[in-house]
Every structure is written in structure tokens, then in C-alpha cells.
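In case you want the letters, here they are:
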Amino acid sequence: MDVLAVEVLRIPMAVDLAAIVIGALTGGLLAAREGFAVSGVLLLAVSGGLGGGLIRDVLLDVPVVALTNPVYLPTVGITAMVTFFFSGWLSRTTGLLVGLDALTLGFFTVIGAQKAQLAGLPVTSVVFIGVATAVGGAVIRDVLLAQRADIVQPGPYNAVAALIGASLLAVLAGPLELPLLPVAAVVIALTAGLRLVSVLRGWSAPVAID
Amino acid sequence: MDVLAVEVLRIPMAVDLAAIVIGALTGGLLAAREGFAVSGVLLLAVSGGLGGGLIRDVLLDVPVVALTNPVYLPTVGITAMVTFFFSGWLSRTTGLLVGLDALTLGFFTVIGAQKAQLAGLPVTSVVFIGVATAVGGAVIRDVLLAQRADIVQPGPYNAVAALIGASLLAVLAGPLELPLLPVAAVVIALTAGLRLVSVLRGWSAPVAID
Amino acid sequence: MDVLAVEVLRIPMAVDLAAIVIGALTGGLLAAREGFAVSGVLLLAVSGGLGGGLIRDVLLDVPVVALTNPVYLPTVGITAMVTFFFSGWLSRTTGLLVGLDALTLGFFTVIGAQKAQLAGLPVTSVVFIGVATAVGGAVIRDVLLAQRADIVQPGPYNAVAALIGASLLAVLAGPLELPLLPVAAVVIALTAGLRLVSVLRGWSAPVAID
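Residues numbered from 1 in each chain as written. Chains lettered and ligands numbered in written order. Predicted model: local features only at pLDDT ≥ 70, side-chain atom pairs only at ≥ 80, totals over all residues. Heavy atoms only, no water.

A. How the structure looks around the overall build of chain A. Assigned secondary structure in chain A consists of nine helices and zero strands. Reading the helices (α) and strands (β) of chain A from amino to carboxyl end gives α-α-α-α-α-α-α-α-α. Seen through its C-alpha atoms, chain A measures out along the principal axes to roughly 50 × 50 × 25 Å. Within the span of chain A, comprising 210 residues, buried residues form 56% of the whole. Considering only contacts within chain A whose residues lie at least 6 apart along the sequence, 74% involve residues at least 24 apart. In the structure as shown, chain A presents an accessible area of about 8,400 Å², 71% of it carried by carbon and sulfur atoms. In chain A, which carries 9 positive and 11 negative side-chain charges, the distance between the mean positions of the two groups comes to 10 Å. (Helix = DSSP H or I, 4+ residues; strand = E, 2+ residues; numbered from the N terminus. Buried < 20%, exposed > 50% of the residue type's maximum accessible area, 1.4 Å probe, protein only. Contact = heavy atoms within 4.5 Å. Areas by Shrake-Rupley, 256 points an atom, 1.4 Å probe, with all protein chains shown as cover. Lys, Arg positive; Asp, Glu negative; His and termini not counted. Charge placed at Lys NZ, Arg CZ, Asp CG, Glu CD.)

Quick look at the structure:
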């Protein structure tokens, strides 16, 4: 466990927290825009910021970091309150949020895939956990709103970007044993870039061929 | 584990079972009223009676009490059968059910928060687990019915009442180290009271300020 | 753990994989027919093939076999790709799929119930885990599609068939201690038969009596 803790800390705390704040922000904003109660804003902020990691830890059968870390939940709570009171003003920064959201997708992919790798899982499971961490928060959100999960529908790359990023990381930092930090940087840039470009250009994930 | 088992038993078995029966009753009744199949009545009874505790134990990464305890599932099964055959008669006791339901919210909040506290989690996580235990069953129910989770929408205090109750318990029985039994009694009364009054008076959880 | 691994292997790997492939196939086909993106086809194939086992292992608080087994996820991935490219052709084999689907329900019921039995859970929990393993994939699918879970609605036996099968196994291979292999064969045949006949004859699970 000590080794695991040290390894996960390779991603600096500040970066980790930033990803959580942005996830919580986008979740909370959506709730505020939909006219939800304060409990709804909190819930969507929690699922946006911590939902992916929560699914990851439950699947990995390890203690849920979102609960054991004393900083994560308060951070999400404060972010939710900010969204609650300043949703109007924050909504006008959509352009910024799209960029930050893409970056978060990259970070969550890397954090998830790396944790699965440290748990000694096979390559495909590393990819699966990376994708689940990246899109898990959005899936929880869609489920609570009773709307079709975004990721099953045609639309800008989301799960697909995470899938490509996680696969790259699983191979480069796995069998090929390249050093993690540069690999992580490349994967984050690639995942975020794919997401961003697909939103801006209106790329759509391919649908089944009949 | 022995310590934990002893501590959790501070809440008498009969009270615990009563909360589960009422949760199962309200879940099963809803299913019966919606014209569900027998499997639906069972499923909603299980999620109403045991869903919150199940989410709690999965998040705490401990054995799921709903499965290890030999009495819980049979109790819920019998309750579901009662609802299945007497839903018409039971539905006419709505007033009683609203009161019992509020009491159950209080009990589940306390049972969840206490278990998180015994697991040594930080204060905010204790609050989170308390709320998740209290409203988890209702969330599972809404998800299975594909309706927007009750707790994200404006309406009578539910998650909000549990949030206030769990926060009080986390502080009083946590850092302030007051004895658990009186604290639990106060928190249950407060949570149930908030829920009950908000239903009767039509109070609504606040929505985001634009 | 060694004993557990040996015991679970009593069900031959090939049978296990066949059940997973059929589950993934029905999930992926549904996604393809609904015009989902490639990520949606993958997701529904994963939930159809591995969702039930995933819920089972999370509830049993044991490592998730879908992740630790190096063959399962690749198998599902390949199956998803086959559905993605040949959905039109596969859809015309509906009759075959209904039969295979019923068989899968039987297998998942037995695999789930047996694993719960080996974990030393009480009889009702064995039944619960058997049913959850059998219908868990379909529930995840319905939740992601934001449609009412099939199993709560009147319709052909599904959860009900699994419930009858799991109960039989829990009693025969539990307190009565009959040898597992013949019991498993009988339960699989019974569960699959109930499912198949109810689909063909239009039997419907009973609804609540008012």
C-alpha cells in the first residue's frame, strides 16, 4: 500500500485537485442551469468531481480515495457552493469551461489507467479503468438526470478520446516500460486535444455499420 | 472487526429491522401502485429497505451487511409479499407511512454516519456516507424507474434533512466526542422532524441563485 | 482464495466464455440497432457480457473477475467489434439469439449463486446474488438507455426465472448438499426453459393484487 500511495502521488496534488474542481464545476453548473435544488447541485458536483474516481476504486476493490482523502469532499462542497451562488456569471465563461473540461478528461484517463496498472491488472483492464474513470462522472450524472448516457450516443469524442488515450498509456507505460511522466503528458495532451478538436469541429464518433 | 460489530449493535436490532421494513414497504407500495410485476415489487422493496446500506458498505469497502446478515433479506422478501397482496389496503394508510418514512430517513442517516465514523473517515466523508445511506434507496428506485432522482429536484427536504442531521452527528459525536446515544436520538428527531414538517408545510429545498 | 478459484473452475472456461460472448452479443446488437456510437456499442457489450458478474463481485467484496481475468475484456471487445460491423446480418438470427439468451440467463444464475455459496453467505443472499448476476447486465443496459428496467415491468419471465432457478440451487446444493454438477445442470435447464417458454408463449410475470 505504501508503494501504491507513493506512486499515485507522482501526479502532483495540485493537478489532481484542479481536475476535481473542474469536474465539480461543470457538474454543478449543469444542475444550477436545470433549476435543481441545492441537494441536486451538490450531488452533480460530487459526481462530476469524484464520480469517476469512485467507480474506479469500487471496481479495483480498494479504499475509495474520495472518502479517505480529507480534502476532496470539502473541495467539491466549496465548488458546489460557488456554482450555486455564481452560476449565472460562470455560465458566461463556457469557452473556458470547454477547454478545462477536455483537460480534465485527459487527467482522469491517466490517473485511472495508472492506478489500474499499479494494481497489476492486464492491459485491457487498464484501458477499461482509464475510460471508466474519465467518463464515470458524466455517466452518473446522466443516470441521475434520467437522460440517455451521453457516451452511448453519437456526438463529440468523449469515451472514444479516453479510449485512445488509455490504450496508448497502457501500451507505452505497460509492456514497453517507457517512463511514466512523459507518457502521461503525451496522453493527457492527446486525449484533451481529441476531445477539444472534436467539439470545435463537430466530429462525431462513428456509428454501427449495417 | 469485533469492535466494529459491537459498536454498530449499539443501535438495537429491532430498530434496525423496523427501518428496513418501512423502507421496503414504501418501495414495494410504489411498485405495486405502478402496476409492476412481482419481480419489480421485490426489487423496489429490496432497494428501499437495503439499498442505502448496500451503497454505504460498497463505498466503505466492507462486507455488505445486507448479504451477510441472515435476517435482512428474508425480512424484505416477506415485506414485499405483504405489499404485493395488500397494496390496496396499505395505500390507504398514507398518513402513517409519511411519518414512518421520515423516521426511517433519520435512522438511516445515523446508522450510515456512525459506521463511517467507526471506519475512521474524515468528518465530510462521515456526512457524505450518512446522506448516501439515507437517500441511496430512493436514488436506486428512481434510477430503476428511469425517473429523475427525487433528490436533485426542488421539493420537500430529503437529502437536505439528512445532510443537516449527518453534519450535526459528525461534529457532536466526532471532534466534540459527546456520547453517541443521546446524539443519535437528537439527530434522528431533527432529521425526521425536518422531513415531516417540510412535507406537511410544503417547504422546498432552495434552488440556485442566478 | 485457492479453494475458491478451483471451485469456480468447475464450470469449464469455455462455457463461461460462451455465456459472456452471448451476453455481449445481445448487448452490442441492441446498441447497434439503436444507432449508437462505437463507444455505446462497446459499453452495452461490456454491460451485457460482464455487467452481471461485475455487480456480483462488487457486492461480494471480492476482486472483480471481469478485470483480473486477462481474457474476458478482450473477448467482449472483439464481440463488440463483430456486432459493430455485422449488426445487420446478426439481427436476422433473432430466433437463435432468443435461445442463446435464455441459456445465458441460466448460466449466469448458476455461476452467481455458486460464488455466493462459496463465500459462505446465507441462503437468501445466495438467491439474491444469483438473480443479480443473471439480470445485472440487463439492468445496467436499461439504466444507461434511461429506460425503465425491464425486470420491474410485466413481461416474459426473466428475473422470475432466475429467482426460481437460484432458489432451487441454493436449497439443493446448500442445506441438502447434493453434488453441484447435476444440480447446476438441472437449474440451468430449468431457468433457460422457463425463460424460453415464457417468451414463446407470451407468459407474463404476475402483477400486484389490489
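Structure shown, so let's carry the discussion forward.
B. Main features of a nonpolar patch on the surface. A grouping of Ile78(B), Met81(B), Val82(B), Phe85(B), Phe86(B) and Trp89(B) is seen on the molecular surface, where their side chains present a nonpolar patch of about 620 Å² in accessible area. One can find Phe86(B) in helix H5 (residues 72–91). (Patch = residues over 30% accessible without salt bridge, like charges linked within 9 Å, V, L, I, M, F, W, Y side chains within 5 Å. Salt bridge = Lys/Arg side-chain N within 4 Å of Asp/Glu carboxyl O.)

C. Just the interface of chain B and chain A, in detail. Between chain B and chain A, the contact holds 28 residues from the first and 35 residues from the second. Between chain B and chain A, roughly 2,400 Å² of surface is buried when both sides are summed, and carbon and sulfur atoms account for 68% of that area. Taken together, the connections running from chain B to chain A amount to zero salt bridges. At the junction of chain B with chain A, the criterion picks out two residue pairs in polar contact (both at pLDDT 80 or more). Those elements that provide at least two residues to the side of chain B that touches chain A are helix H3 (38–60), helix H7 (123–144) and helix H8 (159–172) of chain B. (Buried area = accessible area lost by both parts, 1.4 Å probe. Polar contact = N/O pair within 3.5 Å; in protein donor to acceptor, adjacent residues only side chain to side chain.)

D. Broad picture of the interface of chain C and chain B. Counting from both sides, the interface comprises 28 residues of chain C and, opposite them, 35 residues of chain B. Note on chain C versus chain B: buried area summed over both sides is about 2,400 Å², and carbon and sulfur give 69% of it. On inspection of chain C and its partner chain B, the count reaches zero salt bridges. The interface formed by chain C and chain B contains two residue pairs in polar contact (both at pLDDT 80 or more).

E. Region of interest: the packing of helix H2 (residues 13–33) of chain C against helix H3 (residues 38–60) of chain C. All names here are of chain C. Two elements in contact, H2 and H3, have axes whose closest approach is 7 Å; the angle formed by their N-to-C orientations is 145°. For the pair H2 and H3, the crossing hand works out as right-handed. Contacts between H2 and H3 involve Ile20, Gly23, Ala24, Gly27, Gly28, Leu30, Ala31 and Ala32 from the former and Gly40, Val41, Leu44, Ala45, Gly48, Gly49 and Leu50 from the latter. Broken down by class, the residue content of the contact of H2 with H3 amounts to nine nonpolar, six polar and no charged. (Axes fitted to C-alpha atoms, helices over the stretch in contact; angles between N-to-C directions. Left-handed = near helix turned anticlockwise from the far one by under 90°. Nonpolar A, V, L, I, M, F, W, Y, C, P; charged D, E, K, R; others polar.)

F. View of the packing of helix H8 (residues 159–172) of chain A against helix H9 (residues 180–201) of chain A. Residue and element names in this part refer to chain A. Look at H8 against H9: their axes get within 8 Å of each other, and the N-to-C directions meet at 165°. In terms of orientation, H8 lies roughly antiparallel with respect to H9. Between H8 and H9 the crossing geometry is right-handed. Residues Ala161, Ala162, Ile164, Gly165, Leu168, Leu169 and Leu172 of H8 touch H9, and the partners they reach there are Val183, Val186, Val187, Leu190, Thr191, Leu194 and Arg195. Looking at the contact of H8 with H9, its residues break down into eleven nonpolar, two polar and one charged. (Parallel < 35°, antiparallel > 145°, perpendicular 65-115°, else oblique.)

G. Quick look at the relation of the copies chain B and chain A. Between the two copies, chain B and chain A, the superposition gives an RMSD of 0.0 Å; the rotation angle is 120° and the shift along the axis is 0.0 Å. Such a turn and shift between the copies fits a three-fold axis. Taking C-alpha positions as the reference, the residue of chain B nearest the rotation axis is Ala146(B), at 3.1 Å. (Least-squares fit on C-alpha atoms with pLDDT ≥ 70 in both.)

H. Layout of the packing of aromatic side chains. All names here are of chain B. Taken as a whole, this structure holds three aromatic pairs over all chains when the rule is applied. Ring centres of Phe84 and Phe85 lie 5.3 Å apart, and the angle between their planes is 85°; on these two criteria the pair is classed as edge-to-face. Residue classification places Phe84 among the buried positions, given a relative accessible area of 5%. By relative accessible area, which is 44% here, Phe85 ends up partly exposed. (Phe/Tyr/Trp six-rings, centres within 6.5 Å; stacked < 30°, edge-to-face > 60°.)

I. Main features of unusual backbone geometry. Residues and elements named next belong to chain A. The backbone of Ala146 shows a phi angle near 55°, a positive value even though the residue is not glycine. Inspection of the secondary structure assignment puts Ala146 in the loop between helix H7 (123–144) and H8. Assessed through its relative accessible area of 24%, Ala146 is described here as partly exposed.

J. Focus on the pattern of salt bridges. Following the criterion strictly, the structure yields twelve salt bridges over all chains and no others. Asp57(C) serves as the salt-bridge partner of Arg56(C), at 2.9 Å between the closest nitrogen and oxygen. Accessibility assignment for this pair places Arg56(C) and Asp57(C) in one class, buried. The residue Asp57(C) makes a salt bridge to Lys115(C) at a minimum N-O spacing of 2.9 Å. Of the two residues, Asp57(C) sits in helix H3 while Lys115(C) sits in helix H6 (residues 94–118), which places them 58 residues apart along the sequence. For Lys115(C), a relative accessible area of 10% gives the class buried. Connected via shared salt-bridge partners are Arg56(A), Asp57(A) and Lys115(A).

K. Examining the confidence of the model for chain A more closely. Residues and elements named next belong to chain A. Scored by pLDDT, chain A has a mean of 85; 90% of the residues are at 70 or more. Within chain A, helix H1 (residues 2–8) has the poorest average pLDDT of any element, 44, and helix H4 (residues 65–68) the best, 94. Predicted confidence for residues 1–9 stays below pLDDT 50, and this span has four contacts to residues more than four positions away or in other chains. (pLDDT = per-residue confidence, 0-100.)

L. A look at the side chain of Thr104(A). Residue and element names in this part refer to chain A. Summarising the element assignment, Thr104 is placed in helix H6 (residues 94–118). A distance of 2.8 Å separates a polar side-chain atom of Thr104 from the backbone oxygen of Leu100. Setting aside chain neighbours within four positions, we find Thr104 in contact with Ala19, Ile22 and Gly23.

M. Structural detail: the environment of Leu144(C). In this structure, Leu144(C) sits in helix H7 (residues 123–144). For the pair Leu144(C) and Gly40(C), spaced 104 residues apart in the sequence, the C-alpha separation amounts to 9.4 Å. Excluding its chain neighbours within four sequence positions, the residues that come into contact with Leu144(C) are Val139(A), Arg148(A), Ala149(A), Leu43(C) and Leu44(C).

N. Fine view of H3(B). All names here are of chain B. The end-to-end C-alpha distance of H3 is 31 Å, a good match for the 33 Å that 23 residues give at a rise of 1.5 Å each. The largest bend along H3 reaches roughly 60° and is located at Leu50. Phi turns positive one or two residues past the end of H3, at Asp61, with a value near 60°. (Expected span 1.5 Å × (residues − 1). Bend = angle between axes of the 7 residues up to and from the residue.)

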